[in-house]
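One-letter residues, chain by chain:
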Amino acid sequence: MDRRLVTIERHIAEQQQQFPEATGEFSRLLRDLTLALRIIARDVRRAGLTDLLGSTRVVNIHGEEVRKLDELAHDVIFRAMDHGGHLCVMASEEAEGLVHIPANYRRGKYVMVFDPLDGSSNIDANITIGTIFSIYRRLDESLDTPGTVEDILQPGYRQVCAGYAVYGSSTQLVYTTGLGVDVFTFDPTIGEFLLSHPKVRIPPRGSIYSVNEGSFALWDERLQQYVTYLKTPSPDGRRPYSLRYVGTAVADVHRTLFYGGIFMYPASRSAPRGKLRLIYEVNPLAKIITEAGGRASDGTGNILDITPVDIHQRTPVFMGSAEDVTEVEQFLQGIHSFQQCADVESV
Ligand code: P6P
């Protein structure tokens, strides 16, 4: 645990000093974003008391019922970010098309994509949920025109910042600008995010797998082999792995970041491209995991190398400890199979 008392504002300012060309615009963007996250954290904590639970009875573009907190979180982020002059365009899980900067506000050189409230199906049961975000530079920084869909459809390796807030037993903000992964824990008594876990690294291999195994029968046979392999005891005691699954991606990935192992949302017969969205869910989480020394794959290659073709496109995802992700890729590509790797079940 880091003993220095460092607020996120001071941390951002210190990081900015490592970029001589920095104008401070990016730091001000992050300051505005942390304000939005503080407000969302407050409303999530009070949701049960202020009738923010439950549904709006509105169905979003994905055919999913919009929970009141989803709508609130989207609105809070939009109102915190639309007038700072840092962004030229946004995209959100809760908006079908581009989220434009109002014409009466100055536009900036950055692009932000976000899932305002990931895990919303868990809200009513008080299960951990989160906010996920990514920031890119616009493709042509000489422009001051409204951003375009091309500015949104950038591959994940071009993210200049990625992160998430996880509203769990405490509220934590995890982000990276490419200089490692830092975790800030919110202290509500002073209203500050304090640096609690600097430069987090994910273990090279874990002993936890995280997937909705209820879909086992719908998976590719090679993935079935991999998960069965994980559950089969090995002579060295490395297996069986434990299964942990919250059902909120940001929570499952946050645990994977700290404890290691692998989080998966694979393709299945009922979800041929998986369920999670590439641009504003998988890419930011993949950037965090990769910056912490892990890997993020769609089963054939690195997630961050994918060039998106649609704002809301989905992708299968396998992310976590590097050795675990490489191992599932070897199963999916037929390099390994359970028979070859089956150890004697002597325990
Ligand atoms: P399933 C939450 O609704 C979410 O979008 C992700 O946060 C989570 O990983 C996934 O869906 C859970 O989906 O099909 O396992 O219930």
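What counts, and at which threshold
Once a new chain begins, its residue numbering starts again from 1 and follows that chain's sequence as written. Note on the predicted model: pLDDT of at least 70 is required for a residue's local features to be given, and 80 or more for side-chain atom pairs to be given and counted; whole-chain, interface and lining totals, by contrast, use all residues. Excluded from the side-chain calculations are hydrogens and water; all other atoms, namely the structure's heavy atoms, are used. The near set for a molecule or strand comprises every residue that places at least one heavy atom within 4 Å of it. Any pair of nitrogen or oxygen atoms within 3.5 Å is treated as a polar contact; in protein, a donor-acceptor pairing is required on top of that, and neighbouring residues in sequence qualify only through side-chain atoms on both sides. Under the convention used here, a 1.4 Å probe and the Shrake-Rupley method define accessible areas, while residue burial counts only the protein chains that appear. Of the grid points, spaced at 1 Å and generated over the protein atoms alone, those admitting a 1.4 Å probe that cannot get out make up cavities, while open sets with protein on both sides within 12 Å along at least five of seven lines make up pockets; any residue with an atom within 4 Å of a point is treated as lining. To qualify as sitting in a cavity or pocket, a molecule needs more than half of its atoms within 2 Å of the grid points. Put simply, Ala, Val, Leu, Ile, Met, Phe, Trp, Tyr, Cys and Pro go in the nonpolar bin, Asp, Glu, Lys and Arg in the charged bin, and everything else, Gly too, in the polar bin. These domain limits were set by an automatic method or by a database of domain assignments. Stacked, tilted and edge-to-face pairs are distinguished by plane angle, under 30 degrees for stacked and over 60 for edge-to-face with tilted covering the rest, among Phe, Tyr and Trp rings (Trp via its six-membered ring) whose centres lie within 6.5 Å. With a 1.4 Å probe rolled over the protein chains alone, any residue whose accessible area is under 20% of its type maximum counts as buried; one over 50% counts as exposed, and the rest are partly exposed. What counts as a helix is a DSSP run of H or I of at least four residues, what counts as a strand is a run of E of at least two, and both are numbered from the N terminus. The contact definition used throughout considers only heavy atoms, calling two residues in contact when any of these lie within 4.5 Å. Here's the idea: put two parts together, see how much 1.4 Å probe accessible area each one loses, and the total over both is what we call buried area. Put simply, a salt bridge is a Lys or Arg side-chain nitrogen that is within 4 Å of an Asp or Glu carboxyl oxygen. Grid points are joined across faces, edges and corners, and a volume is the space filled by probe spheres set on the points.

Moving on: the site of the ligand. The environment of the ligand is made up of Asp 118, Gly 119, Ser 121, Asn 212, Tyr 245, Gly 247, Thr 248, Ala 249, Tyr 265, Lys 275 and Leu 276. Between the ligand and the protein, one listed contact pairs an oxygen atom with a side-chain N or O atom of Lys 275 at 3.0 Å. Summarising the interface, the protein chains cover 81% of the accessible area of the ligand, which totals 400 Å² for the free molecule. Of all the cavities here, the one that holds the ligand is the largest pocket. For the shell around the ligand, the per-class residue count stands at four nonpolar, five polar and two charged. Mapping the shell around the ligand onto the domain boundaries places at least three of its residues in each of domain 1 (8-197) and domain 2 (208-346).

Another point: the packing of aromatic side chains. Think of a pair of aromatic rings as described by two things: how far the centres are apart, and how the planes are tilted against each other in angle. Taken as a whole and assessed by the stated rule, the structure comprises six aromatic pairs. Judged by centre distance (4.9 Å) and plane angle (50°), the rings of Phe 186 and Phe 193 are tilted. The pair Phe 186 / Phe 193 is uniform in exposure class, with both members buried. Ring centres of Tyr 229 and Phe 331 lie 5.0 Å apart, and the angle between their planes is 40°; this geometry places the pair in the tilted category. With Tyr 229 in helix 5 (residues 221-231) and Phe 331 in helix 8 (residues 322-332), this residue pair connects regions lying 102 residues apart in the sequence. Here Tyr 229 and Phe 331 have matching classes, each one buried. Grouping aromatic residues by their ring pairs yields a cluster made of Tyr 226, Tyr 229 and Phe 331.

Before going further, it helps to spend a moment on the domain arrangement of the protein chain. We note that the domain assignment places domain 1 (8-197) and domain 2 (208-346) within the protein chain. One C-alpha centre belongs to domain 1, the other to domain 2; they are set 26 Å apart. Facing 47 residues of domain 1, the contacting portion of domain 2 comprises 29 residues. Across the interface of domain 1 and domain 2, roughly 2,800 Å² is buried in total on both sides, 65% from carbon and sulfur atoms. When the buried surface of domain 1 facing domain 2 is broken down by residue, Ile 132, Leu 153 and Tyr 164 rank first, second and third, together holding 21% of it. At the surface where domain 1 touches domain 2, the tally comes to zero salt bridges. At the junction of domain 1 with domain 2, the criterion picks out 14 residue pairs in polar contact (both at pLDDT 80 or more). Contributions of two or more residues to the side of domain 1 that touches domain 2 are made by strand 3 (87-92), strand 5 (110-118), strand 6 (129-137), helix 4 (149-152), strand 7 (161-167), strand 8 (171-176) and strand 9 (181-187). Counting residues per element, the side of domain 1 that touches domain 2 draws most heavily on strand 6, which supplies six residues. Residues of the side of domain 1 that touches domain 2, tallied by class, amount to 25 nonpolar, 17 polar and five charged.

Turning next to the layout of surface pockets. Taken as a whole, the largest pocket holds about 400 Å³ of empty space. Lining of the largest pocket is provided by 25 residues; of these, Asp 118, Gly 119, Ser 120, Ser 121 and Lys 275 occupy positions nearest its centre. Within the residue set of the lining of the largest pocket, elements represented by two or more residues are strand 2 (65-67), strand 5, helix 6 (249-259) and strand 13 (262-265). A total of three residues in the lining of the largest pocket trace back to one element, the largest contributor, which is strand 5. Here the residues of the lining of the largest pocket are counted per class, giving six nonpolar, six polar and 13 charged. Looking at which domains feed residues into the lining of the largest pocket, each of domain 1 (8-197) and domain 2 (208-346) supplies at least three.

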